[in-house]
Amino acid sequence: MKHYLLAVQFDYSAPTLPDDEIQTVYGDVERVNEELQKSGAWVFGGGLLGPDSATVVRAQGGNTTMTDGPYAEAKETIGGFWVIRAADLDEALAWAEKCSRACGGPIEVRPFDDETDAAEA
Amino acid sequence: MDLESVYRAEYGRCVATLVRLLGDISLAEEAVQDAFAVALDKWDEPPPNPGAWIVTTARNRAIDRLRRESTREARHAQALLLHQTDEHGTDELREVGPVRDDQLRLIFTCCHPALAALAQTALTLRLLGGLEVPEIARAYLVPEATVAQRIVRAKKKIRDAGIPYRVPGADELPARLGPVLTVLYLIFNEGYTSTAGDLVRTDLCLEAVRLARELAGLMPDEPEVLGLLALLLLAEARRPARVGPGGELITLGEQDRSLWNRQLIGEGHDLVRRCLRRNRPGPYQIQAAINAVHTDGPATDWSQVLALYDQLLALSPNPVVALNRAVAVAEVHGPAMALATLEGVELPGYHLLPATRADLLARLGRAAEARAEYDAAIALTGNDAERAFLLGRRDRL
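Tell me about the overall build of chain A, and please be specific about residues and values.
Each helix and strand counted, chain A has three helices and six strands in total. When the helices and strands of chain A are read in sequence order from the N terminus, they spell out β-α-β-β-β-β-α-β-α. Dimensions of chain A, computed from C-alpha atoms along their principal axes, come out at roughly 45 × 45 × 20 Å. Taking all 121 residues of chain A together, 28% fall into the buried category. In chain A, the share of contacts with a sequence separation of at least 24, taken over all contacts with a separation of at least 6, comes to 76%. For chain A, the accessible surface area stands at approximately 7,900 Å², while carbon and sulfur atoms represent 54% of it. For chain A, the centre of its 9 positive side-chain charges and the centre of its 22 negative side-chain charges are spaced 3 Å apart.

Following this line, the structure appears as structure tokens:
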């Protein structure tokens, strides 16, 4: 089994959806989450607050600095994510398709480093 | 049969089987290359089943090599090999042969939609066709370093991201077969009218036909696979007549039909009939049918061709189809009507659009406009024979 990160690409500069549409998205995402949990693919997942809530911490040498805001200003940034278990990329892509349909945005699929998997297995 | 033809025929099959045995593409390539090096040394004459000899030798060499190495890939491959010997309770020296399904698995891996288009093509030619990096680079007009880098990166992504080595299930197949057919079609096309220099690159045409034949043998119930094979065979059959003694392009209407390969045409027509019986038409089957009409009898029946283009345009409405359909419209309804159908068609950078417009304008006696379109087409083509052809047409206005 491999682990994959499914990261939701989200455009925080776009106008927010009307409430009823947001409720539909929540409902759809909840259904995908249940399906992931039932199938055993679920590891973790959740939605994130916007980049204006972010703080970047840098510990270098003896110094630690903190800055307000995200690491990089970008139009699209991570809006939420899932970590899933899958046999191969095709399985992960099939979940990503469901997740993308539910949350209405593109999903970036990234495999975790193999060695981490080996250590756990 | 010499070693060269054994290599052409068996390289892809052997690599595909070794990928299954070792679970790693690079290890599989090394093992097969090792085995061919041994063959070069040992064979006076290839053995009766050269593929089985290569696979067995490659596997045994791989076992030796893996015992000496301790990388992660080597450990994984060794475990996989041990598992297989345990499972079948067989001695590792027992002879094994290439398995045909392995090739199918590998082509779906190479043409996986998670890989970029150039990487799909380069990997397919490298792993299944056994072409060397410089050959691929020449064919696609990209620096060798670029091709090498794309192949390395694609192999790494296959391993890291876990792109599977299997034939997609029935529900995924329609979506996954598309890129495979596209890759084979593009390989043939690049050979048929190469982007630069000489008109034809025979090696790419032959490789595409060989791979399409393999695919049709592996998936005989997929009508679009048969359609693609028929299309390639019918185009390949006309190749000897497409280029004149000076390397110049000869159009379909002016070709010496006695130079066409009758055997390939017969085979292509049989496949088109098989597709018609199945009645599950698709873009490749319709293009094959169009080529069947072109190669049937002493002259093309253009009204049939036009009817097929109408069907093709309805199925895949894109500007290239619209352009090809215009040529048929001109034959059936005249150049004025054809020119009207090209109104609003845009294909930036594609020389055949202005070339077709130029020809239609010339036939309508609008020489000045035709000249401007020829100039545009000449500026866009990189193929020497095509440029010479267009220059000739322009100067005859």
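Having seen the model, we can carry on.
Give me the overall build of chain B: which residues, what numbers.
Helix and strand counts for chain B stand at 19 helices and zero strands. Taking 397 residues into account, the globule formula puts the C-alpha radius of gyration at 21 Å, and chain B, at 24 Å, falls close to it. Taking the principal axes of its C-alpha atoms as reference, chain B extends roughly 75 × 45 × 40 Å. Taken across its 397 residues, chain B has 50% of its residues classed as buried.

If you had to explain the confidence of the model for chain B to someone new, which residues and values would you point to?
Taken over all residues, the pLDDT of chain B has a mean of 88, while the share at 70 or more is 94%. We note a pTM of 0.80 for the whole complex and an ipTM of 0.84 for its interfaces.

Report on helix H18 (residues 367-380) of chain B, specifying residues and quantitative values.
For H18(B), which comprises 14 residues, the first-to-last C-alpha distance of 20 Å matches the rise-based estimate of 20 Å (1.5 Å per residue) to within 8%. On its buried side, H18(B) packs onto helix H17 (352-363) and helix H19 (384-395) of chain B.

Requested: an account of the pairing of strand E4 (residues 63-68) of chain A, with residues and values cited.
Residues and elements named next belong to chain A. Burial within E4 is sparse, with just zero of its six residues counted as buried. As judged from the six bridges shared by strand E3 (residues 55-60) and E4, these two strands associate in the antiparallel manner. When the bridges of E4 are listed, Val-56 appears paired with Thr-67. In sequence, E3 turns back onto E4 through a hairpin of two residues, with Gly-61 there showing a positive phi of about 60°.

Tell me about the interface of chain B and chain A, and name the residues and values.
Of the residues lining the interface, twelve residues belong to chain B; the matching set on chain A comes to ten residues. Overall, the association of chain B and chain A removes approximately 820 Å² of surface from exposure, summing both partners, and the carbon and sulfur fraction of that is 46%. Across the chain B-chain A interface, the total number found is three salt bridges. Here A:Asp90 and B:Arg166 are joined by a salt bridge, their closest N and O atoms 3.3 Å apart. At the boundary of chain B and chain A, one finds six residue pairs in polar contact (both at pLDDT 80 or more). Counting residues per element, the side of chain B that touches chain A draws most heavily on helix H8 (residues 144-161) of chain B, which supplies three residues.

With reference to specific residues and values, describe the packing of helix H1 (residues 19-39) of chain A against helix H2 (residues 89-103) of chain A.
All names here are of chain A. Running from N to C, H1 and H2 cross one another at 160°; their axes reach a closest spacing of 8 Å. What the angle tells us is that H1 and H2 run roughly antiparallel. For the pair H1 and H2, the contacting residues are Val-25, Asp-28, Val-29, Val-32, Glu-35, Leu-36 and Ser-39 in the first and Trp-95, Lys-98, Cys-99, Ala-102 and Cys-103 in the second. Taken together, the residues of the contact of H1 with H2 sort by class into eight nonpolar, one polar and three charged.

Mind laying out the pattern of salt bridges, listing which residues take part and the relevant values?
Within this structure, the stated rule accounts for 35 salt bridges over all chains. A:Asp11 is the salt-bridge partner of A:Lys75, the closest N and O atoms lying 3.1 Å from each other. One end of the pair, A:Lys75, is in the loop between E4 and strand E5 (76-86); the other, A:Asp11, is in strand E1 (residues 2-11), with 64 residues separating them in the sequence. For A:Lys75, a relative accessible area of 58% puts it in the exposed group. Residue class for A:Asp11 comes out buried when judged on its relative accessible area of 18%. Among the ionic pairs, B:Glu10 bridges to B:Arg13, the shortest N-O distance being 3.6 Å. Pair noted here: B:Glu10 and B:Arg13 are both in helix H1 (residues 3-22), with a separation of three residues, about one helical turn.

Residues and numbers for unusual backbone geometry, please.
Residue and element names in this part refer to chain B. Non-glycine residue Asn-279 carries a positive phi angle of around 55°. The residue Asn-279 is located in the loop between helix H12 (262-278) and helix H13 (283-294) in this model. Look at Asn-279 and you get exposed, because its relative accessible area is 60%.

Provide a residue-level description of the sheet that holds strand E2 (residues 42-47) of chain A, including the pertinent values.
Residue and element names in this part refer to chain A. Judged by pairing direction, the sheet is antiparallel, and its four strands sit side by side in the order E2-E5-E1-E6 without closing on themselves. Looking at which strands have only one partner, the edges of the open sheet turn out to be E2 and strand E6 (107-111). Between one strand and the next, the sheet's axes are offset by a mean angle of 20°, whatever the strand orientation. By the bridge criterion, five bridges tie E1 to E6 in an arrangement that is antiparallel. Its bridge partner being in E6, Leu-6 is matched across the sheet by Val-109. In this fold H1 packs onto E2 and E5, with an angle of close to 25° to the strand it touches most, E5. In this fold H2 packs onto E1, E5 and E6, with an angle of close to 155° to the strand it touches most, E6.

Describe the packing of aromatic side chains, naming the residues involved and giving the relevant values.
Applying the stated rule across the entire model yields seven aromatic pairs over all chains. On the numbers, 4.9 Å between centres and 40° between planes, the contact of B:Tyr7 with B:Tyr11 is tilted. Here B:Tyr7 and its partner B:Tyr11 are both found in helix H1, four residues apart, which amounts to about one turn of the helix. Each residue in the set B:Tyr7, B:Tyr11 and B:Phe36 is aromatic and connected to the rest through ring pairs, giving one cluster. Sitting above the plane of the A:Trp95 ring, A:Lys98 keeps its charged end 5.1 Å from the centroid. A cation over an aromatic ring shows up here: B:Arg242 above the ring of B:Tyr192, its NZ or CZ 3.8 Å from the ring centre.

What counts and what doesn't
Residues numbered from 1 in each chain as written. Chains lettered and ligands numbered in written order. Predicted model: local features only at pLDDT ≥ 70, side-chain atom pairs only at ≥ 80, totals over all residues. Heavy atoms only, no water. Helix = DSSP H or I, 4+ residues; strand = E, 2+ residues; numbered from the N terminus. Buried < 20%, exposed > 50% of the residue type's maximum accessible area, 1.4 Å probe, protein only. Contact = heavy atoms within 4.5 Å. Areas by Shrake-Rupley, 256 points an atom, 1.4 Å probe, with all protein chains shown as cover. Lys, Arg positive; Asp, Glu negative; His and termini not counted. Charge placed at Lys NZ, Arg CZ, Asp CG, Glu CD. Rg over C-alpha atoms; globule rule 2.2 N^0.38 Å. pLDDT = per-residue confidence, 0-100. Expected span 1.5 Å × (residues − 1). Pairing = 2+ DSSP bridges. Buried area = accessible area lost by both parts, 1.4 Å probe. Salt bridge = Lys/Arg side-chain N within 4 Å of Asp/Glu carboxyl O. Polar contact = N/O pair within 3.5 Å; in protein donor to acceptor, adjacent residues only side chain to side chain. Axes fitted to C-alpha atoms, helices over the stretch in contact; angles between N-to-C directions. Parallel < 35°, antiparallel > 145°, perpendicular 65-115°, else oblique. Nonpolar A, V, L, I, M, F, W, Y, C, P; charged D, E, K, R; others polar. Phe/Tyr/Trp six-rings, centres within 6.5 Å; stacked < 30°, edge-to-face > 60°. Lys NZ or Arg CZ within 6 Å of the ring centre and 35° of its normal.

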